[in-house]
Amino acid sequence: TDFDWRLHHALTVATGTPVYTLIINGFAGLYRQMGLLYFSRPRARAASLAFYRGLLSAARRGDATAARRVVQRVMEESIALWTTVEDEGAAAPVDR
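Residues numbered from 1 in each chain as written. Predicted model: local features only at pLDDT ≥ 70, side-chain atom pairs only at ≥ 80, totals over all residues. Heavy atoms only, no water.

Asks: Whenever I open this one, helix H4 (residues 42-61) confuses me. Can you help?
Replies: Since the α-helix packs 3.6 residues into each turn, any two residues three or four apart lie on the same face. If you check H4, its first and last C-alpha atoms are 29 Å apart, about what 20 residues at 1.5 Å a residue would give, namely 28 Å. Here H4 has its buried residues at Ala 44, Ala 47, Ser 48, Phe 51, Tyr 52, Gly 54, Leu 55 and Ala 58. Where H4 is buried, its residues meet helix H1 (2-14), helix H3 (28-38) and helix H5 (64-82). Note on H4: the residue one or two positions beyond its end, Gly 62, has a positive phi of about 70°. (Helix = DSSP H or I, 4+ residues; strand = E, 2+ residues; numbered from the N terminus. Expected span 1.5 Å × (residues − 1). Buried < 20%, exposed > 50% of the residue type's maximum accessible area, 1.4 Å probe, protein only. Contact = heavy atoms within 4.5 Å.)

Asks: What exactly am I supposed to notice about the pattern of salt bridges here?
Replies: A side chain of one charge can pair with a side chain of the opposite charge if their charged atoms are brought near each other. Under the defined criterion, the tally for this structure stands at three salt bridges. One salt bridge connects Arg 32 with Asp 2, and the closest N-O pair in it is separated by 3.7 Å. Here the residue Arg 32 occupies a position in helix H3, and Asp 2 occupies one in helix H1, the gap between them amounting to 30 residues. For Arg 32, a relative accessible area of 34% gives the class partly exposed. With relative accessibility at 44%, the residue Asp 2 sits in the partly exposed group. (Salt bridge = Lys/Arg side-chain N within 4 Å of Asp/Glu carboxyl O.)

Asks: For this particular structure, what's the right way to read the environment of Thr 1?
Replies: Examined against the element boundaries, Thr 1 turns out to sit in the segment before H1. Residue class for Thr 1 comes out partly exposed when judged on its relative accessible area of 27%. Measuring from C-alpha to C-alpha, the distance between Thr 1 and Leu 37 comes to 9.4 Å, with 36 residues separating the pair along the chain. Thr 1 has contacts with Arg 32, Gly 35, Leu 36 and Phe 39, leaving out every residue within four places of it along the chain. Among the polar contacts made by the side chain of Thr 1, one reaches the main-chain carbonyl oxygen of Gly 35 at a distance of 3.4 Å. (Polar contact = N/O pair within 3.5 Å; in protein donor to acceptor, adjacent residues only side chain to side chain.)

Asks: Before we go on, may I ask you to explain a nonpolar patch on the surface in this structure?
Replies: Together, Val 19, Tyr 20, Ile 23, Phe 27 and Leu 30 make up a nonpolar patch on the protein surface, roughly 480 Å² of accessible area in all. The biggest single contributor to the nonpolar patch is helix H2 (residues 18-26), with three residues. As for its position among the elements, Tyr 20 is in helix H2. (Patch = residues over 30% accessible without salt bridge, like charges linked within 9 Å, V, L, I, M, F, W, Y side chains within 5 Å. Areas by Shrake-Rupley, 256 points an atom, 1.4 Å probe, with all protein chains shown as cover.)

Asks: Quick question: what am I supposed to make of the packing of aromatic side chains here?
Replies: Geometry of an aromatic ring pair is reported as the spacing of the ring centres plus the angle between the planes. Under the counting rule described, the total for this entry stands at five aromatic pairs. Aromatic pair Phe 3 and Tyr 52: ring centres 4.9 Å apart, planes at 85°, arrangement edge-to-face. Of this pair, Phe 3 sits in helix H1 while Tyr 52 sits in helix H4, placing them 49 residues apart in sequence. Look at Phe 51 and Tyr 52: their rings are 5.7 Å apart centre to centre, the planes differ by 50°, and that puts the pair in the tilted class. This pair shows no difference in class: Phe 51 is buried, exactly as Tyr 52 is. Linked through ring pairs, Phe 3, Phe 51 and Tyr 52 together constitute an aromatic cluster. (Phe/Tyr/Trp six-rings, centres within 6.5 Å; stacked < 30°, edge-to-face > 60°.)

Structure follows, in structure tokens:
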């Protein structure tokens, strides 16, 4: 959760648009709280690891289009993860 927070915070800073950083800072507490729930799921951890690897690969190549695709894919996967009940049988963290 901490690594993920620092990564996304750094990405908002890298955009050069301070409003993005202000927005994410406003959600810091909620981000960390929900991150603990999200990362407690093996499927979510695997999806995030694939995201980190894909983003790193695109960054090393300087390929902004690939980075955008990686981010879009992980957002779609995250939405699916948040709206389903995982194998632990816990309630989904958001309403359907």
